[in-house]
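# Working through the structure, step by step
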Amino acid sequence: MKYVKPIRLKIMMVMFFATGIVGILVGLLVAPKDSRVIFTFMGVVNFALGAFFAWLLLTQTPDLNEKRKKKRNDN
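The structure contained in this document is the topic of the report that follows. Worth saying up front: this structure is predicted, and the values here are computed from it rather than measured.

Reading the values: rules and limits
Residues numbered from 1 in each chain as written. Predicted model: local features only at pLDDT ≥ 70, side-chain atom pairs only at ≥ 80, totals over all residues. Heavy atoms only, no water. Helix = DSSP H or I, 4+ residues; strand = E, 2+ residues; numbered from the N terminus. Expected span 1.5 Å × (residues − 1). Buried < 20%, exposed > 50% of the residue type's maximum accessible area, 1.4 Å probe, protein only. Contact = heavy atoms within 4.5 Å. Axes fitted to C-alpha atoms, helices over the stretch in contact; angles between N-to-C directions. Parallel < 35°, antiparallel > 145°, perpendicular 65-115°, else oblique. Left-handed = near helix turned anticlockwise from the far one by under 90°. Nonpolar A, V, L, I, M, F, W, Y, C, P; charged D, E, K, R; others polar. Phe/Tyr/Trp six-rings, centres within 6.5 Å; stacked < 30°, edge-to-face > 60°. Patch = residues over 30% accessible without salt bridge, like charges linked within 9 Å, V, L, I, M, F, W, Y side chains within 5 Å. Areas by Shrake-Rupley, 256 points an atom, 1.4 Å probe, with all protein chains shown as cover. Salt bridge = Lys/Arg side-chain N within 4 Å of Asp/Glu carboxyl O.

Time to look at helix α1 (residues 6-30). Compared with the 36 Å implied by 1.5 Å per residue over 25 residues, the 35 Å span of α1 between its first and last C-alpha is a close match. Within the sequence span of α1, burial applies to Leu-9, Met-13, Phe-16, Gly-20, Gly-23 and Gly-27. Buried residues along α1 sit against α2 (36-59).

The structure is reproduced here in structure tokens:
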């Protein structure tokens, strides 16, 4: 998988966690009985995506193959 900048991952992680929590709360507390399951399910999916991006943020290694970061060997 391609290296993603940590700030971008943090923004996406917070965005998915926040919408997941709001979706779960709306599904359980506010939504009419007919649509509670779908709102809660969509909240759980967003929360899971937030967890995926958090895992990606914690486990990815920096890409060292960039040309501008290589050390030159002038022989």
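This next bit is on the packing of α1 against α2. Remark: α1 packs on α2, axes separated minimally by 7 Å, with the N-to-C direction vectors making an angle of 160 degrees. Judged by the angle between their axes, α1 and α2 are roughly antiparallel. Crossing angle aside, the handedness with which α1 passes α2 is left-handed. Its residues placed into classes, the contact of α1 with α2 shows 19 nonpolar, eight polar and two charged.

Turning to the environment of Phe-41, a few remarks are in order. Residue position: Phe-41 is located in helix α2. On the basis of relative accessibility, which here comes to 53%, the residue Phe-41 falls in the exposed class. Once the C-alpha coordinates of Phe-41 and Gly-20 are considered, the two residues, 21 residues apart in sequence, prove to be 9.3 Å apart.

Tallied over the entire structure, the rule returns four aromatic pairs. An angle of 65 degrees between the planes, with centres 5.5 Å apart, marks the rings of Phe-52 and Phe-53 as edge-to-face. Taking relative accessible area as the criterion, Phe-53 reaches 13% and is therefore assigned buried.

With that settled, the discussion passes to α2. Between the first and last C-alpha of α2 there are 35 Å, a value that for 24 residues agrees with the 34 Å anticipated at 1.5 Å per step. Among the residues of α2, those classed as buried are Thr-40, Gly-43, Gly-50, Phe-53, Ala-54 and Leu-56.

Here we take up a nonpolar patch on the surface. Together, Ile-21, Leu-25, Leu-28, Leu-29, Val-30 and Phe-47 line one region of the surface with nonpolar side chains, adding up to about 610 Å² of accessible area. A per-element tally of the nonpolar patch places α1 first, with five residues. Tracing the backbone through its elements, the reader meets Phe-47 in helix α2.

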